[in-house]
Amino acid sequence: MATESGTKASNGDTVSNGEEKLSEVVAILDAGAQYGKVIDRRVRELLVASEILPLNTPASELKAKGYSCIIITGGPNSVYAVDAPDYDPEIFRCGLPLLGICYGMQMLNKEFGGEVERNERREDGQFAIDLDTSSQLFQGLSKEEEVLLTHGDSVTRVADGFVATAYSGKAIQAIENPSLKLYGVQFHPEVDLSVNGLTMIRNFLFNIVGLHGTFILKDRLEECITYIRNTVKDSKVLMLLSGGVDSTVCAALLQRALSEDQVIAIHVDNGFMRKDESVNVEAHLNDLGVKVKVITAAQQFYCATTYVAVKSDHPNPLKRKTLMLNSVVEPEEKRRIIGDTFMMIANEVIEDLELSPKDVFLGQGTLRPDLIESASSHASGQAEAIKTHHNDTALVRELREQGRVVEPLKDFHKDEVREMGRSLGLPEDMVERHPFPGPGLAIRVLCAEQPYREKSFSEIISLLKTFVEFHELSSKESRLTPKQLETIQASLQDTERSRLSSITSKLSLNATLLPVRTVGVQGDGRSYSYVVALSSNESPNSHWADLFFIAKLIPKLSRLVNRVCWVFGTQVEHQMNDITPTCLTVNVLKQLRLADNIAYKVLKEHKALRCVSQMPVVSIPIHFDRAPDQHVPSCQRSIVLRPFLTSDFMTGTPALPGKQFPQLVLDEMVDKISAVPGISRVLYDMTSKPPATTEWE
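The following paragraphs examine the structure supplied in this document.

Basis of the calculations
- Residues numbered from 1 in each chain as written.
- Predicted model: local features only at pLDDT ≥ 70, side-chain atom pairs only at ≥ 80, totals over all residues.
- Heavy atoms only, no water.
- Salt bridge = Lys/Arg side-chain N within 4 Å of Asp/Glu carboxyl O.
- Helix = DSSP H or I, 4+ residues; strand = E, 2+ residues; numbered from the N terminus.
- Buried < 20%, exposed > 50% of the residue type's maximum accessible area, 1.4 Å probe, protein only.
- Axes fitted to C-alpha atoms, helices over the stretch in contact; angles between N-to-C directions.
- Parallel < 35°, antiparallel > 145°, perpendicular 65-115°, else oblique.
- Left-handed = near helix turned anticlockwise from the far one by under 90°.
- Contact = heavy atoms within 4.5 Å.
- Nonpolar A, V, L, I, M, F, W, Y, C, P; charged D, E, K, R; others polar.
- Phe/Tyr/Trp six-rings, centres within 6.5 Å; stacked < 30°, edge-to-face > 60°.
- Core = buried A, V, L, I, M, F, W, Y, C linked by side-chain atoms within 4.5 Å.
- Pairing = 2+ DSSP bridges.
- Expected span 1.5 Å × (residues − 1).

### Remarks on the pattern of salt bridges
Throughout the structure, instances matching the rule amount to 35 salt bridges. Between Arg563 and Asp685 there is a salt bridge; the shortest N-O distance is 2.8 Å. On the criterion of sequence distance, the pair formed by Arg563 in strand S21 (residues 561-567) and Asp685 in strand S26 (residues 679-685) is long-range, its members being 122 residues apart. The same class applies to Arg563 and to Asp685, which are both buried. Across the salt bridge formed by Asp685 and Arg642, the nearest N and O atoms sit 3.3 Å from each other.

Right, here's the structure in full:
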């Protein structure tokens, strides 16, 4: 039986109906998690075979095929929602050991009579929880562990026959019924932000289920070569190359698998590239022996349009034509226009070469996270779209359904692709190159025509004011902010309140709510929410750890905030209620390109590129330092730096200045970028993923 990733289990018996009966294979039931494929990967790393299956797979089928155990993934739904995904209740009673993760734990608890309720406070990010280490699941771990929590619903009453084995404060984070071998965890042990999560999965598979880890992983390089040859045969492949590690590794695989005349390599300069990016990409690819044709198409992209669904949930939705890209502000529309324009250029190339479209495959360096975040059915049947990747637009999906797309890396994560690149002999500087999104700087310009100020705007401002004055207000009776104090008391654990009080007693802060929105991922779903900007007259250099702690707390207080930044310079005195109208115009892109070039030049000069996994430089339409009584119009923009640490690119953390990111490098970046004309302030993104995404759009 082939696993979901295309690898064959090495042992099995035959049942009476002629089907192969599996031996030591885990059934991963997909409830729509962003991290479902990561579970599959972690299981394989422990040398156990696995298959990702629909959540509604019948228990009888799981038993008949001989699966050893069940893992239920997280998901974006509520177990009590009318549109909650269907499942067979017998999966909990069929005798197979079961581990429910996040939504899977809530299903387990509800099925046995426990209660799950929606909380006012969310938990999105890396937090410490307390474990009962007498549980087999937590054997060999510390009593306190750092894990990734990302949920809004919580178990409020444990089901009969179950016991709680992990807490964060009073919140239940794990349950179990050892006699039935049923276990649930509210957190995500499969991701890097759960520091010892792999040990928990190992404990479940080996100590609880009793597996032995006899699965043999096949050579993935040879699998990719075989896949390409079997798919393409004698046809040609048009490969759109960005110059990043994903597309470069894909091109190297195509070169190894096919003859030279079968691969058509194209690099498109879409007008959203970094300074001198296309020139450098062409030179690097030529050095690798890849003959690439560069197409300059900036004007074509600036003026591009496409058609988008009016109601995306309708089976046959009406479609409308978008504005031109240089007038669009909505991030999803920007991504779709760019993705569809890439496809139009690919078709033009095929036509210019006088080739028949049916004889040409589209080659893409698509990775598993791209498909998951775009909610592709090839990655998950239940996942919610976080953002549309340019390599998974409607036009690409049509080609994929026709079998005309070759994507040898679609089951890989970024770190696995880098290992593949090393196996192919690619230079280390190419393999370790920072990711740069296909849409380029277009999704690093936060576009807006109007400020975003919903009815919650003033309420959140009041909450933030109370938050940064927490020590003073909580230590005396105050008639002014009882509601806000109550919210903070209810949202935070005792240890969190104690540390917040200590920080706000010694550090004078201002928290400014910015009237813009950014894309985030919260509870396995997409959010599009406010940004909070912290500032002070004191230097942050000796306070970064405390500031990062505060940045982690703020999204817990309000579901409508998914990102927190630090503003360099003096304390921000005035609340911004307007924005600088911004679209993808030449001057806006020129300013961002200059700031981006400064930041990366400083990184290279100090040999600090390896300090971070990625560093988006983002333009936001915020003009600080304008007193309301002066009536100065908003005409400047600000720049956000996002040094980011991750290995799987599904989760990650901001780099901590002074420890993970050199303070000297950061100071030089801020000074030089602040001197760029038209830039109001420089900010530092202090938010993990989740609740924020790596990119802002």
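Still more ground to cover, so stick around.
### Focus: the packing of helix H5 (residues 220-232) against helix H6 (residues 245-257)
When two helices pack together, their arrangement is given by the angle between the helix axes and the distance between those axes. As a packed pair, H5 and H6 sit with axes 9 Å apart at the nearest point and diverge in direction by 70 degrees. As summarised for this structure, H5 and H6 are arranged roughly perpendicular, according to the angle between their axes. For the pair H5 and H6, the crossing hand works out as right-handed. Together, Leu221, Cys224, Ile225, Ile228 and Arg229 of H5 and Leu253, Leu254, Arg256 and Ala257 of H6 make up the contact between the two elements. Residues of the contact of H5 with H6, tallied by class, amount to 7 nonpolar, no polar and 2 charged.

### A closer look at the packing of aromatic side chains
Taken as a whole, this structure holds 14 aromatic pairs when the rule is applied. Relative to Phe112, the ring of Phe92 lies with its centre 6.4 Å away and its plane at 80 degrees, an arrangement referred to as edge-to-face. You can see Phe92 sitting in the loop between strand S5 (69-72) and strand S6 (98-101) and its partner Phe112 sitting in the loop between helix H3 (103-111) and strand S7 (115-131), a full 20 residues away along the chain. Both residues of the pair, Phe92 and Phe112, belong to the buried class.

### Points about the side chain of Gln484
Checked against the element boundaries, Gln484 lands in helix H16 (residues 482-491). Apart from residues lying up to four places away in sequence, Gln484 is in contact with Ser462, Leu463 and Thr466.

### So, the nonpolar core
Of all hydrophobic cores here, the largest spans 93 residues; its most connected members are Phe272, Trp544, Phe661, Tyr684 and Met686. Once you skip the residues sitting within four places of it in the chain, Phe661 turns out to touch Leu603, Cys611, Val612, Met615, Pro643, Ala655, Leu656, Leu666, Met669 and Tyr684.

### What to know about the environment of Asp276
Relative to the assigned elements, Asp276 resides in the loop between strand S13 (263-269) and helix H7 (277-287). Residues Asp276 and Asn597, 321 residues apart in the sequence, show an inter-C-alpha distance of 9.5 Å.

### Focus: the environment of Leu205
Its place among the elements puts Leu205 in helix H4 (residues 197-208). Residues Leu205 and Val682 lie 477 residues apart in sequence; the distance between their C-alpha atoms is 48 Å. Excluding anything up to four places from it in sequence, Leu205 contacts Val26, Val43, Leu46, Val48, Cys69, Gly210 and Leu211.

### Focus: the sheet that holds S21
With mixed pairing, 6 strands are arranged side by side in an open sheet as S19-S20-S21-S26-S23-S22. A strand with exactly one partner marks an edge of an open sheet, and here the two such strands are strand S19 (510-522) and strand S22 (617-620). Taking the axes of each pair of neighbouring strands and ignoring which way they run, one obtains an average angle of 30 degrees across the sheet. Direction of pairing for strand S23 (residues 637-641) relative to S26: parallel, over a ladder of 4 bridges. Bridge pairing in S26 places Ile639 opposite Val682. Contacts from helix H14 (residues 457-468) reach S19, strand S20 (525-535) and S21 within the one sheet, and its direction differs from that of S19 by about 110 degrees. Of the strands in this sheet, S23 and S26 touch helix H20 (residues 663-674), which is tilted by about 155 degrees from S26.

### Remarks on the sheet that holds strand S14 (residues 292-296)
As summarised here, the arrangement of the 5 strands in space is S14-S13-S12-S17-S18, forming an open sheet in which the pairing is parallel. The sheet is open, and its two edges are formed by S14 and strand S18 (405-406), each paired on a single side. Taken together, the 4 bridges between strand S12 (residues 236-240) and S13 define a ladder with parallel strand orientation. The residue bridging Met239 from the neighbouring strand is Ala265, located in S13. Most of the contacts of helix H9 (residues 331-352) go to S12, to which it runs at about 140 degrees, and overall it touches S12, S13, S14 and strand S17 (360-363).

### Digging into the pairing of S26
With 7 of 7 residues buried, S26 is to be regarded as a mostly interior element. As judged from the 3 bridges shared by S21 and S26, these two strands associate in the antiparallel manner. Paired with Val567 across the strands is Leu683, a residue of S26.

### Let's talk about the packing of H14 against helix H18 (residues 544-557)
In the contact formed by H14 and H18, the axes pass within 11 Å of each other and the chain directions differ by 140 degrees. By the angle between their axes, H14 is oblique relative to H18. Here H14 and H18 pass one another in a crossing that is right-handed. Contacts between H14 and H18 involve Leu463, Leu464 and Phe467 from the first element and Ile550, Leu553, Ile554 and Leu557 from the second. For the contact of H14 with H18, a count of residues per class yields 7 nonpolar, no polar and no charged.

### A word on H6
Here H6 is 13 residues long and its end C-alpha atoms lie 18 Å apart, about the 18 Å a rise of 1.5 Å per residue gives. The buried fraction of H6 amounts to 11 of the 13 residues, a majority that puts the element mostly inside the structure. Among all positions in H6, only Val245, Asp246, Ser247, Thr248, Val249, Cys250, Ala251, Ala252, Leu253, Leu254 and Ala257 are buried. Check the buried side of H6 and you find it contacts H5, S12, S13, H7, helix H12 (414-423) and helix H13 (428-431).

### Some points on unusual backbone geometry
In the segment running from Lys689 into Pro690, the intervening peptide bond is cis, with an omega of -10 degrees. Structurally, the position occupied by Pro690 is in the segment after S26. The omega torsion across Pro690 and Pro691 is 10 degrees, close enough to zero to call that bond cis. The topology assignment puts Pro691 in the segment after S26. Phi angles above zero are rare outside glycine, and Asp276 is one such case at about 60 degrees. Judged by its relative accessible area of 47%, Asp276 falls in the partly exposed class. One non-glycine residue, Glu354, adopts positive backbone phi at about 55 degrees. By the element assignment, Glu354 lies in the loop between H9 and S17.

### Side note on the pairing of strand S4 (residues 49-54)
With 5 of 6 residues buried, S4 lies mostly within the body of the structure. Of the strand pairs in this sheet, strand S3 (residues 25-30) and S4 are connected by 6 bridges, and their pairing is parallel. Looking at the pairing, Ile28 lines up with Ile52 of S4.

### A closer look at helix H1 (residues 36-45)
Across the 10 residues of H1, 9 count as buried, placing the element largely inside the fold. Every buried residue of H1 is listed here: Gly36, Lys37, Val38, Ile39, Asp40, Arg41, Arg42, Val43 and Arg44. The first or second residue beyond H1 is Leu47, which carries a positive phi of 60 degrees.

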